[in-house]
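# Per-entry structural report
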Amino acid sequence: MKKIKVASIWCESCSGCHMSILDMDERLVELINKGLELNATPITDLKVPDDDTDIGIIEGAVATDHHEEEVKMMREKCKFIVAIGDCAVFGGIVTMRNYVPLNELLKRGYIETESTVDGKIPTSPELGKHLPKVKAVNEVIKVDYYIPGCPPSADAIYHVLKEILEGKTPVLTGELLKYE
Ligand code: SF4
């Protein structure tokens, strides 16, 4: 049986979309039995996909230079890119920060919150640098398939992965297609 390698990452997000992947429950096992192989994902805790990965799933918006590097890496290594969830599809709730100057936002988040004592804005060079604006994934790389929703349902994710596994082009209609 031909294996279909799947990798996934999350960028600026809440990880809710990956929870929906896990919500496929036993259907995830069914897909694995049909040839789906989980490669680098937060589930396997491997960070770099194989060069011949078939499906790259991206959750979350692109908010830092690290996210930009990661989505470009996914595009290089994966045949199909699937943007999963509203944050990845059009920026979603994460783009709220585009309406506030970044320095004000960081000050509010790290120094001024009511529960913070002696707060400071992190400056470690290991941290990603915030981009001037949060972007949807397709503003950085080409995206092949979109699964909107916040989060998308396990049914929608299952449908898309199953169709790709069967060599079909997935189309979301009716209850499977939601923006929320
Ligand atoms: S789309 Fe919703 S569930 Fe998914 S990462 Fe964004 S906020 Fe979280």
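Summarised in this report is the structure supplied together with it. (Residues numbered from 1 in each chain as written. Predicted model: local features only at pLDDT ≥ 70, side-chain atom pairs only at ≥ 80, totals over all residues. Heavy atoms only, no water.)

## Focus: the sheet that holds strand β2 (residues 36-38)
Read across the sheet, five strands follow the order β2-β1-β3-β5-β7 without closing on themselves; strand pairing throughout is parallel. Among the strands making up the open sheet, the edge pair consists of β2 and β7 (145-147). Recorded for the sheet is a direction-independent mean angle of 30° between the axes of neighbouring strands. Across the face of the sheet, helix α3 (residues 65-77) comes into contact with β1 (4-10), β3 (53-59) and β5 (78-84) while running at roughly 135° to β5. Sheet strands in contact with helix α6 (residues 154-165) are β1, β2, β3, β5 and β7, and its direction is about 160° off that of β7. (Pairing = 2+ DSSP bridges. Helix = DSSP H or I, 4+ residues; strand = E, 2+ residues; numbered from the N terminus. Axes fitted to C-alpha atoms, helices over the stretch in contact; angles between N-to-C directions. Contact = heavy atoms within 4.5 Å.)

## Overview of the nonpolar core
Ranked by internal contacts, the top residues of the largest apolar core, which has 23 residues, are M24, I55, I57 and L161. Contributions of two or more residues to this core are made by β1, α1 (16-22), α2 (26-33), β3, β5, β7 and α6. When residues in this core are grouped by element, the largest group, eight residues, is from α6. Discounting residues that sit within four places of it in the chain, I55 has contacts with I4, K5, V6, A7, C78, F80, V82, L161 and I164. In this structure, C11, V71, M74 and C78 belong to the second largest nonpolar core, which totals 17 residues. (Core = buried A, V, L, I, M, F, W, Y, C linked by side-chain atoms within 4.5 Å. Buried < 20%, exposed > 50% of the residue type's maximum accessible area, 1.4 Å probe, protein only.)

## Overview of the site of the ligand
Taken together, S13, C14, G16, C17, E59, G85, D86, C87, G149, C150 and P151 are the residues near the ligand. For the shell around the ligand, the secondary structure elements donating two or more residues are α1 and α4 (86-90). Residues belonging to the shell around the ligand are distributed by class as follows: five nonpolar, four polar and two charged. (Near = heavy atom within 4 Å. Nonpolar A, V, L, I, M, F, W, Y, C, P; charged D, E, K, R; others polar.)

## Examining the pairing of β3
Of all seven residues in β3, seven are buried; the element is thus mostly enclosed. Sheet topology places β3 next to β5; six bridges connect them, and they run parallel. The residue of β5 that forms the bridge with T53 is C78.

## Focus on the environment of A136
When you line up the elements, A136 lands in the loop between β6 (130-135) and β7. Relative accessible area serves as the criterion here: at 4%, A136 is assigned to the buried category. Expressed as a C-alpha distance, the spacing of A136 and N39, which sit 97 residues apart in the sequence, is 24 Å. Beyond its immediate stretch of four places on either side in the chain, A136 contacts V62, C87, A88, V89, F90 and G91.

## Observations regarding the pairing of β1
Most of β1 is tucked away: six of the seven residues are buried. Strand direction decides the pairing type here: β1 and β2, joined by three bridges, are parallel. Bridge pairing links I4 to L36 in β2. Summarising the sheet, β1 and β3 pair through five bridges and their orientation is parallel. When the bridges of β3 are listed, A7 appears paired with G56.

## Details of the pattern of salt bridges
Opposite charge on two side chains allows them to pair when their charged atoms are near. Counting across every chain of the model gives 16 salt bridges. Close ionic contact of K47 with D45 constitutes a salt bridge, the shortest N to O distance being 2.7 Å. The pair K47 / D45 is uniform in exposure class, with both members exposed. In this structure, E166 engages K168 in a salt bridge whose closest nitrogen and oxygen atoms are separated by 3.0 Å. On the accessibility criterion, E166 (36% relative accessible area) is partly exposed. (Salt bridge = Lys/Arg side-chain N within 4 Å of Asp/Glu carboxyl O.)

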